[in-house]
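Overview (structure and organization)
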There are 2 protein chains.
Amino acid sequence: MPEAIPIIGGTGALGYGLALRWALAGRAVVLGSRDADRAAQAAKKLSDAVPDAEIEGMANAEAAKQGPVVILAVPFRAQSENLTNLKDSLEPGQLLVDCTVPLAAAVSGKATRTLGVWQGSAAQQAQEMVPEGVTVVAAFHTVGAPDLADREVILDEDVLICGEKKADKAKVAALVHAIPGLRAVNAGPLETARIVEQLTPLLISINVRYRVHAGVHITGLPNADHWE
Amino acid sequence: MPEAIPIIGGTGALGYGLALRWALAGRAVVLGSRDADRAAQAAKKLSDAVPDAEIEGMANAEAAKQGPVVILAVPFRAQSENLTNLKDSLEPGQLLVDCTVPLAAAVSGKATRTLGVWQGSAAQQAQEMVPEGVTVVAAFHTVGAPDLADREVILDEDVLICGEKKADKAKVAALVHAIPGLRAVNAGPLETARIVEQLTPLLISINVRYRVHAGVHITGLPNADHWE
């Protein structure tokens, strides 16, 4: 039995979309929210949508304890606060998958622009803030929340993963590959999140121009799964 | 008869690769180089490879006068010097297609990292340096020079174009579409080059890990040509 997937910000658009896809894939998910009642409501909604799935809702600090790989799917504006609140919940050995994108929208700027983050990227900021022994991997920046949340949409795109160790990235790749239509690509060390986080505003810029939900596909890669 | 395509830095890897593909497509190309003799040698080599093509080689300052859309395909280290040297060659109404990527390799750093450019991107630096009335469009950052230079490689990837006016970008898109297997995507205004220029080090990072020549494909776009 695979372990549950805790999603911090599981009531938000990206978090809920990922939860839906993992629930459909038969994975147990734990929806976290700042407010335990909102988490419970979202869990109820998701359970109604995927009746057979194992779904719980609870406050973020509790949710973060429910599995070895914790998804952080919150807006950049709330990333720092969330990480501060998780300091007593996260344990050495856990992976934190940071999906945060420092869109300028966080300070009422454009969603086609980003803020400069002192550490270089939101993921690197997360690595600085998590407790000792917790490792940050960055992923899920380019998969659109509306497409995830609409189970009728057939996904066909890549998820770029940044992190220091391939073994850690492989664990996240397994979560990516649990969702049909997504392919995990090893994009490099955590610092490469500086680039990958920028793909979100790029896709937003393209979405505005083409009225689509664009994604990214890396061409030229071997077909074989290289994560084994 | 379509006008000739001048390529500043036409003896370099990217410039020569683009020249080969355009020559194969029946387009007249003008290879520019700092050194007119080297340009002539490269033109001879390209003429041998594509005997029917219309190919000339000349010093950059002369080359830049040979067509309305000028390709700037030089390393970031040489971009500023080249633009200074072109001040008396470029004329109002011309488009300059900047392909420059500010890789940290320019200062002996890693090719998986970039330098910060004061204006935000190499393309915006170019726009600041060109004569009044010359418009910069950014493109061709993600198409690998080795793949372009090997006519046996079947291309199948996107070129992201950044610029202020769609009409200008459409002219560049026409050059993109002259090369079989390349699709032009409107990525946004020139400032979006800040993001698109970062895709090169991202692909270099992926290339190192997978031992491939990776490219980018944007998913979810309509099939129809939207540039008309």
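The sections below set out a description of the structure shown in this document.

Scoring rules and cut-offs
Residues numbered from 1 in each chain as written. Chains lettered and ligands numbered in written order. Predicted model: local features only at pLDDT ≥ 70, side-chain atom pairs only at ≥ 80, totals over all residues. Heavy atoms only, no water. Helix = DSSP H or I, 4+ residues; strand = E, 2+ residues; numbered from the N terminus. Rg over C-alpha atoms; globule rule 2.2 N^0.38 Å. Buried < 20%, exposed > 50% of the residue type's maximum accessible area, 1.4 Å probe, protein only. Contact = heavy atoms within 4.5 Å. Areas by Shrake-Rupley, 256 points an atom, 1.4 Å probe, with all protein chains shown as cover. Lys, Arg positive; Asp, Glu negative; His and termini not counted. Charge placed at Lys NZ, Arg CZ, Asp CG, Glu CD. Axes fitted to C-alpha atoms, helices over the stretch in contact; angles between N-to-C directions. Parallel < 35°, antiparallel > 145°, perpendicular 65-115°, else oblique. Left-handed = near helix turned anticlockwise from the far one by under 90°. Nonpolar A, V, L, I, M, F, W, Y, C, P; charged D, E, K, R; others polar.

1. Points about the overall build of chain A
Looking only at helices and strands, chain A features nine helices and nine strands. In terms of C-alpha radius of gyration, chain A reaches 16 Å, essentially the compact-globule figure of 17 Å for 228 residues. Along the first, second and third principal axes, the C-alpha atoms of chain A reach 40 × 40 × 40 Å. Each of the 228 residues in chain A was classed as buried or not, and the buried ones make up 57%. Taking contacts inside chain A between residues at least 6 apart in sequence as the whole, the part at least 24 apart equals 72%. Counting only carbon and sulfur atoms, one obtains 50% of the accessible surface of chain A, whose full area is about 9600 Å². Of the charged side chains in chain A, 20 are positive and 26 negative, and the gap between their average positions amounts to 7 Å.

2. What to know about the packing of helix α4 (residues 76-85) of chain A against helix α5 (residues 122-129) of chain A
Residues and elements named next belong to chain A. Where α4 meets α5, the axes come as close as 10 Å, and the angle between the chain directions of the two elements is 15°. Here α5 runs roughly parallel to α4, going by the angle between their axes. The element α4 and its partner α5 pack so that their crossing is right-handed. Judged by residue contacts, Phe76, Gln79, Ser80, Leu83 and Thr84 of α4 engage Ala122, Gln125, Ala126 and Met129 from α5. Residue classes in the contact of α4 with α5 are distributed as five nonpolar, four polar and no charged.

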